[in-house]
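A closer look at the structure
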Amino acid sequence: MAKQDQLHRFLFEQHAVRGEVITVDETFHHILENHDYPAAVKGLLGELLVATSLLTATLKFDGDITVQIQGDGPVKLAVINGNNLQQMRGVARVNGPVVAGSTLKQMIGNGYMVITITPSQGERYQGIVAMEGETLEECIDAYFLQSEQLPTRLFIRVGELDGNAIAGGMLLQVLPAADETSHDIFEHLVQLTATIKGKELSELDIKEVLHRLYHEEDVTLYDPQAVEFRCTCSRERCEGSLATLSKEDVIDILQKDGKIDMECEYCGSHYVFIESDIDGLKNERNQQLH
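Description of the structure in this document. Computed from a predicted model, the values in this text were never measured in an experiment. (Residues numbered from 1 in each chain as written. Predicted model: local features only at pLDDT ≥ 70, side-chain atom pairs only at ≥ 80, totals over all residues. Heavy atoms only, no water.)

So, on to the side chain of Asp25. Looking at the element boundaries, Asp25 is found in helix H1 (residues 25–32). Of the polar contacts made by the side chain of Asp25, one reaches the backbone nitrogen of Ala167; its length is 2.9 Å. Among the polar contacts listed, one links the side chain of Asp25 to the side chain of Ser202, at a separation of 2.6 Å. Residue contacts for Asp25: discarding those within four places in its chain leaves Asp5, Ala165, Ile166, Ala167 and Ser202. (Helix = DSSP H or I, 4+ residues; strand = E, 2+ residues; numbered from the N terminus. Polar contact = N/O pair within 3.5 Å; in protein donor to acceptor, adjacent residues only side chain to side chain. Contact = heavy atoms within 4.5 Å.)

So, about a negative patch on the surface. A contiguous patch of negative charge, built from Glu248, Asp249, Asp252, Asp257, Asp261 and Glu263, is present on the exposed surface. Going through the elements one at a time, helix H9 (247–257) and strand E13 (260–263) are the ones with two or more residues in the negative patch. The element that contributes the greatest number of residues to the negative patch is H9, accounting for four residues. Tracing the backbone through its elements, the reader meets Glu248 in helix H9. Overall, Glu248 belongs to the exposed group, its relative accessible area being 57%. (Patch = residues over 30% accessible without salt bridge, like charges linked within 9 Å, V, L, I, M, F, W, Y side chains within 5 Å. Areas by Shrake-Rupley, 256 points an atom, 1.4 Å probe, with all protein chains shown as cover. Salt bridge = Lys/Arg side-chain N within 4 Å of Asp/Glu carboxyl O. Lys, Arg positive; Asp, Glu negative; His and termini not counted. Charge placed at Lys NZ, Arg CZ, Asp CG, Glu CD. Buried < 20%, exposed > 50% of the residue type's maximum accessible area, 1.4 Å probe, protein only.)

To continue, consider the sheet that holds strand E6 (residues 111–119). Across the sheet, six strands lie side by side as E7-E6-E3-E4-E5-E12; this open sheet has mixed pairing. Strands with a single pairing partner mark the edges of an open sheet, and in this sheet they are strand E7 (125–130) and strand E12 (228–229). Examined bridge by bridge, strand E4 (residues 75–83) and strand E5 (residues 87–94) share six bridges and lie antiparallel to one another. For Asn81, the partnering residue across the bridge sits in E5 and is Arg89. (Pairing = 2+ DSSP bridges.)

Structure, rendered in structure tokens:
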């Protein structure tokens, strides 16, 4: 039986260092199932999913987060949307050939990563990081160095197990109250954590993972948080988009196709509108205006 996607937080009792462990195999599967991405693009989306989930868990906020990579290479866009409830969705736009084994640079070309945090209350925050690292891990580490000022390291593991895509990862972060000795300990813990394998994250119980890595440390493990695929598309949202089109554009599409078929690029859901639906929307809009 597959493990449920979960995020676990933990704390080193003797050191001012905290951590997170995540497995997102099922969520990753749902993100991929309606698309036919090249293998390297699948891997990139998996890495982005793990990074976004770990990043979200470091934030104390209610709201949404978007982590997107844009560039001038064959992969124009790769994006994961999520929220503080660890509800995730993602998509990539590929406009050219991506060969197996392509590096991040070969897929994205010259690009940047944009991290947008939109709290339910308060101001939106946006951080932009140049894609100068060789891997997504390095790019996220650069983001933390730029914005958090707290030593932070990500460990992302994406691959295949028994023919199925798997994705998981870990994060270590020095706490704000740490002294100089904690920074030395942090580097030691980083070296231990770097030995984790994707198969171990996917198959082993979380307590066994932590024991294998840190058997000489006192580690407190907190209750897990579920991670799941959740798309925010709806017929109502599509209606809102249609309301922004001119009457001429709507008539043109209806005459050409007999219907308006709106497909969600994240989950593949179709929302179909025929002429009577459009008339109903117009009447509703007119009533709202008067």
